[in-house]
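Analysis of the macromolecular model
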Amino acid sequence: RGAPLESAEAFARLEDDSRAVLGEERAEWYELRSGRATGLRYGARLDEAEAEYRVAIEGLRRTAGEDDEETLLAIDGLISTLRLKGEIDEAEALLRDLLPRARRAMGDDADITRAAVSNLSRFLQMRGRLDEAEALQLEVLEQREESLGPDHPLTLTAMNNLSSIRYSAGRFAEAAATMQGLVEKKEALLGRDHPTTLTSLGNLAVMRAAAGRHEEALALLDDVLERQTAKFGAEGYVTLGTRNVRAQILIQAGRVDEGLAAARESAEISLRVLGGAHPDTQLAWSNLGAQLRNLERIDEAVVVLEKTVELCDDAQGPRSSEAQWARYNLAVTLRKVGRIDDSLTRWRELLEIPEDERTESQGFPHLLRIGYGNTLHELGRHEEAVREFEAGLEGMKRLYGASHPRTIEAAKSAVLAYEALGRDEDAARHRAFVERGGVDE
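Notes on the structure follow.

Criteria and cut-off values
Residues numbered from 1 in each chain as written. Predicted model: local features only at pLDDT ≥ 70, side-chain atom pairs only at ≥ 80, totals over all residues. Heavy atoms only, no water. Core = buried A, V, L, I, M, F, W, Y, C linked by side-chain atoms within 4.5 Å. Buried < 20%, exposed > 50% of the residue type's maximum accessible area, 1.4 Å probe, protein only. Contact = heavy atoms within 4.5 Å. Helix = DSSP H or I, 4+ residues; strand = E, 2+ residues; numbered from the N terminus. Polar contact = N/O pair within 3.5 Å; in protein donor to acceptor, adjacent residues only side chain to side chain. Salt bridge = Lys/Arg side-chain N within 4 Å of Asp/Glu carboxyl O.

**So, the nonpolar core**
Core analysis: the biggest nonpolar cluster contains 69 residues, and I79 and L288 have the highest contact counts within it. The residues contacting L288, other than those within four sequence positions of it, are L260, A263, R264, A267 and V304. Of all hydrophobic cores here, the second largest spans 30 residues; its members include Y328, W347, I353 and A417.

Printed below as a string of structure tokens:
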């Protein structure tokens, strides 16, 4: 019903009652603890969710066994939480340990096994290995259609994931077509007003906008907003998320003033209603700053992104994934406005974070090296810049592959630094890499 934190509180009360009645340690306690963690995860309280999952897992291992289904489900929940926090390496390591255990204990057709295979596809997607991710997700979809039927919830999840992978690959028309098929199934099964149907309709609008069909996307979002407002209220967190998306699409459609006004309103309402600690509030402010920067309204962008850093620092601390990304975006923006020393300060704040505490989401450690290198380059510190560019470039190659756009952008930065140093052979080598699109000779 869109009330995950109430669900978490209900699970906590059930666990308390269970402990009072049963008296001795039981697996049921930790199943309820895992349920509470899931409510916290859906309510975006990720640190608490992680802590609760870890307690549940240790308790279930003692009381139910290492390979019991409830233990494996709790581990799966922890993996999802770590992924959302940007702690990709630990999440993927847990997943690769979970998958063979689930197969041994539950079989290839078990829900937990299928979910693990699907999650592995999502990790490949996050790593930029989109061809592998799509092939694996297609396999998951075919298996689920055959064994569970075309309308089973897990089959629909596989369709959603496949659409997401195609969107990440820039194949927006295909992504929208897959999402359209999912929407039609959900409308038939659940109705147009069901929360998950509305979520898929919102995703379809984003994909249509990416394909250049802005007016269709906006008409679709207006319908979604009307239904969400009736169900959750004009200032419900689900409704606010859709309003934020609508603002971004208005800007994409060239209705800039209208879109910025809507984005500002969404950010302010999110802060008032959800509070600065809520991820949706931080996302609304971050998106507003990014849009202002993209529109070359840099001074305004700096003010908004400084506010985003403040919100993230206060809520999760300066070493959280959210705060690291906020600082990164601010550092990039400060460099664009010519405030190089201020930009350098923000890069140094990030570099002071121990490497094992830096977020790993979306190639952050490598983007950090490249962004810092760009600032050093503008300061004329070209030798230092080259070291950062080369480290970032190699990281991008490992993570995304040589032909990924982010890898190519890193190589372009290296060309400029080598040219400034007069190292023509190195510049030519990287220029050729860019011209070949990362393909080996």
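**Re the environment of L32**
Its place among the elements puts L32 in helix α2 (residues 27–42). Between the C-alpha atom of L32 and that of L14, which follows or precedes it by 18 residues, the distance is 7.1 Å. In contact with L32, other than residues within four places in its own chain, are F11, L14, E15 and S18.

**Description of the side chain of R101**
Its place among the elements puts R101 in helix α5 (residues 88–106). Accessibility expressed as a relative area gives 6% for R101, which makes it buried. A polar contact of 2.6 Å, which involves the side chain of R101, links it to the backbone oxygen of E66. Every residue in contact with R101, bar those within four places of it in the chain, is listed here: R61, E66, D67, L72 and I75.

**Focus on the pattern of salt bridges**
Per the stated rule, a full pass over the model turns up 47 salt bridges. Ionic pairing is found between R54 and E50, a salt bridge with its closest N-O pair at 2.9 Å. Placement of both R54 and E50 in helix α3 (residues 46–63) is noted, with a separation of 4 residues, approximately one turn of the helix. Linked by salt bridges that have partners in common, E58, R61, E66, D67, D97 and R101 make up one network.

Bear in mind that shape data such as this cannot, by itself, settle questions of function.
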